[in-house]
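These are the residues of each chain, in order.
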Amino acid sequence: ETLYNIEFLKNIFLYFELKKPEELLLPISFVFCFGAIFSGLMRIILLNISIKIPNQIGIDLSREIYRTVLFQPYITHVSQSSSEILSALTQKVGLIITLLRSIINTITSFILFVAIIVGLLFLNPFVALSAIIGIGFVYINIALLTRSKLKSNSLIISKEQTSTVKCIQEGL
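Here is a short report on the structure shown in this document. This one's a predicted model, so the numbers in the text were calculated from it and none came from an experiment.

**Considerations on the packing of aromatic side chains**
Here's step 1: If you walk through the whole model with that rule in mind, you get one aromatic pair.
Here's step 2: Relative to Phe38, the ring of Phe34 lies with its centre 6.2 Å away and its plane at 15°, an arrangement referred to as stacked. One end of the pair, Phe34, and the other, Phe38, are both in helix H2 (residues 25-70), four residues apart, so they sit about a helical turn from each other.
Here's step 3: Look at Phe38 and you get partly exposed, because its relative accessible area is 47%.

Listed below in structure tokens is the structure:
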């Protein structure tokens, strides 16, 4: 009965001659099933894209780093630490791929968030605004609390990866 109060839906119900709430069960179930299947397919497509794009960029980046290193003059090869080059080719490119995946996941999550909020605004603006304020408050607090720790950890990881490759080379 609540659905009959929404003007947009009321017009659709009248068009399909659905006058009683009992008549809505089958069409709404069909719409829900279609939405669930569509959502699952979109998630699979997004997952496929979020894996393929960063991997392809990582391949291209590794290839370009390797090509640049190979075509450097001999003097540069002798003066440069090979552990830094190996670290860049292996571990740091992997980190870039992970970062790109995270960025793509953030973008897709934001798009889904906006779609959910638009849907909530359509059904109940008060609930939508409460959700925006609540989720936004929690997200901002988490970001502020973890920012400095993430920055310091990333610097430590970057430094230690080069050291790890150097230790392995010296050990061999």
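**Observations regarding the layout of surface pockets**
Here's step 1: Taken as a whole, the largest pocket encloses approximately 480 Å³ of empty space.
Here's step 2: Leu9, Pro27, Ile28, Val31 and Phe32 are the residues nearest the centre of the largest pocket, which is lined by 15 residues in total.
Here's step 3: Breaking the lining of the largest pocket down by element, the ones donating at least two residues are helix H1 (7-15), H2 and helix H4 (82-123).
Here's step 4: Among the elements that take part in the lining of the largest pocket, H2 stands out by supplying six residues, more than any other.
Here's step 5: Residues that form the lining of the largest pocket fall into these classes: 14 nonpolar, one polar and no charged.

**Side note on H2**
Here's step 1: Here H2 contains 46 residues, and its C-alpha end-to-end distance of 67 Å stays within 8% of the 68 Å for a straight helix at 1.5 Å per residue.
Here's step 2: Listed in full, the buried residues belonging to H2 are Ser50, Pro54, Gly58, Ser62 and Val69.

Criteria and cut-off values
Residues numbered from 1 in each chain as written. Predicted model: local features only at pLDDT ≥ 70, side-chain atom pairs only at ≥ 80, totals over all residues. Heavy atoms only, no water. Phe/Tyr/Trp six-rings, centres within 6.5 Å; stacked < 30°, edge-to-face > 60°. Helix = DSSP H or I, 4+ residues; strand = E, 2+ residues; numbered from the N terminus. Buried < 20%, exposed > 50% of the residue type's maximum accessible area, 1.4 Å probe, protein only. 1 Å grid on protein atoms, 1.4 Å probe; cavity = no way out; pocket = protein on both sides within 12 Å on 5 of 7 lines; lining within 4 Å. Points joined across faces, edges and corners; volume = space filled by probe spheres on them. Nonpolar A, V, L, I, M, F, W, Y, C, P; charged D, E, K, R; others polar. Expected span 1.5 Å × (residues − 1).

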